[in-house]
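In case you want the letters, here they are:
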There are 2 protein chains.
Amino acid sequence: MDIALATDGFSAMGSPSRFAVLQILVKAGQDGLPTGVIGERTGIPASTLAHHIKFLAAADLVQQERQGRTILCRANFDHLEALAGYILKECCADQTSIKEAAA
Amino acid sequence: MDIALATDGFSAMGSPSRFAVLQILVKAGQDGLPTGVIGERTGIPASTLAHHIKFLAAADLVQQERQGRTILCRANFDHLEALAGYILKECCADQTSIKEAAA
DNA sequence: TCGATATTTCTAGTTTTATCGAAATAAAAG
DNA sequence: CTTTTATTTCGATAAAACTAGAAATATCGA
C-alpha cells in the first residue's frame with residue numbers, strides 16, 4: 001500500500017456526500033447500484049454526484065461498469081479492507097517498552 | 001459513531017502531511033511524541049505543523065497534553081480503531097442474495 | 001431517425017484548505 | 001527579570017474542492 005494511495009482513499013472518504021455514497025454501495029454489496037439510484041437515495045444532483053463518484057473511482061474505492069443506459073457502481077471491498085487495516089498497521093512499532101526503557 | 005465524526009476523521013487522514021504525522025504517532029504508541037520531534041522527523045515547518053496537529057486533534061485522532069515547555073502528542077487509538085471498523089461496518093446489509101432474488 | 005432516459009463534461013461561483021513567515025504566548029533556565 | 005526554547009496564533013496568498021445548471025454524450029425504444 002502506497003502512502004499516496006492511502007491518503008487518496010481517506011481523502012475520498014472524508015467528504016460527507018461521498019461517504020454517504022460509499023456507505024450505500026458498501027451496504028449494497030457485490031450487486032452494486034446504478035448511479036441514478038444513488039442519486040435518488042442521497043438527493044445529490046446528477047452533476048455533483050458524477051463528480052463525487054469520479055473522485056471515489058480515482059481513489060479506487062468504487063468501480064463503474066456500463067450496463068446499457070445505466071452505469072453500475074460497486075464498492076471495491078478489497079481496497080476498502082486494505083485501507084481499514086492500514087490505519088493501525090504499524091501500531092507501536094517504535095514504542096519504547098517500559099522494560100526496554102528501564103534497561 | 002456519528003457520520004460527521006467519521007468524515008472528519010477520514011478527512012483529517014486524507015492529507016499526506018497529516019497522515020505522515022499520524023503514522024509517526026501510531027508507531028510511537030502510548031508514549032506519544034512532542035511536537036518538536038514530529039517536526040524534525042517530517043520536516044514540516046512549525047506553523048504548518050501546528051495547523052495540521054490542530055486539525056488532527058479537532059477530529060479526535062490525536063490528543064495534546066502540555067508537559068512543561070513541550071506538548072506531548074498521542075494518537076487516539078480507540079477512535080482510530082473505531083474508524084477502521086466503521087468503513088465496512090454495514091457491509092452488504094442491503095445485498096439481495098442470489099437465493100433471495102431467485103425466490 | 002427521433003425522442004426519451006441515464007450519465008458525464010463543461011463552466012463558473014463560492015467556500016475550504018494548505019502553506020509558512022512573523023509576531024505572540026508559555027514555561028523553564030540563568 | 002531577561003533570555004532561551006517550544007509551540008501557537010495571525011495574516012496573507014495560492015491552490016484545491018464543492019456545488020450545480022447547462023450542454024454534450026451514450027443507449028435504448030418506437
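Look up a bit, the structure's there.
Residues numbered from 1 in each chain as written. Chains lettered and ligands numbered in written order. Predicted model: local features only at pLDDT ≥ 70, side-chain atom pairs only at ≥ 80, totals over all residues.

*Asks:* Break down the nonpolar core for me, citing the residues and quoting the values.
*Replies:* Leu22(A), Leu25(A), Leu22(B) and Leu25(B) are the most contacted members of the largest nonpolar core, which has 44 residues in total. If near-sequence neighbours (up to four positions away) are discounted, Leu22(B) is found in contact with Met13(B), Leu56(B), Leu61(B) and Ala75(B). (Core = buried A, V, L, I, M, F, W, Y, C linked by C-beta atoms within 7 Å. Buried ≥ 20, exposed ≤ 12 C-beta atoms within 10 Å, placed from the backbone. Contact = placed C-beta atoms within 7 Å.)

*Asks:* Describe the relation of the copies chain A and chain B, listing the residues and the values that go with them.
*Replies:* Between chain A and chain B, which share one sequence, the superposing operator has a rotation angle of 180° and an axial displacement of 0.0 Å; the RMSD is 0.1 Å. Look at the turn and shift together and you get a two-fold axis relating the two. An overlap of 100% is found between the interface residues of chain A and their copies at the interface of chain B, pointing to a shared contact surface. (Least-squares fit on C-alpha atoms with pLDDT ≥ 70 in both.)

*Asks:* Go over the protein's contact with DNA strand C with me, naming the residues and quoting the values.
*Replies:* Every one of the 23 residues lining DNA strand C counts as a neighbour, but Gly36(A), Ser47(A), Thr70(A), Ser47(B) and Gly68(B) are closest to it. Elements with a contribution of two residues or more to the surface near DNA strand C: helix H3 (35–42), helix H4 (46–58) and strand S3 (70–75) of chain A together with helix H4 (46–58) of chain B. Looking at the surface near DNA strand C, the element that brings in the most residues is H4(A), giving six residues. Partitioned by chemical class, the residues of the surface near DNA strand C number eight nonpolar, 12 polar and three charged. (Near = placed C-beta within 6 Å. Helix = DSSP H or I, 4+ residues; strand = E, 2+ residues; numbered from the N terminus. Nonpolar A, V, L, I, M, F, W, Y, C, P; charged D, E, K, R; others polar.)

*Asks:* An account of the protein's contact with DNA strand D is needed here, citing residue identities and associated values.
*Replies:* Near DNA strand D, the surroundings consist of 24 residues, among which Ser47(A), Gly68(A), Gly36(B), Ser47(B) and Thr70(B) are the closest. For the surface near DNA strand D, the class distribution of residues is eight nonpolar, 12 polar and four charged.

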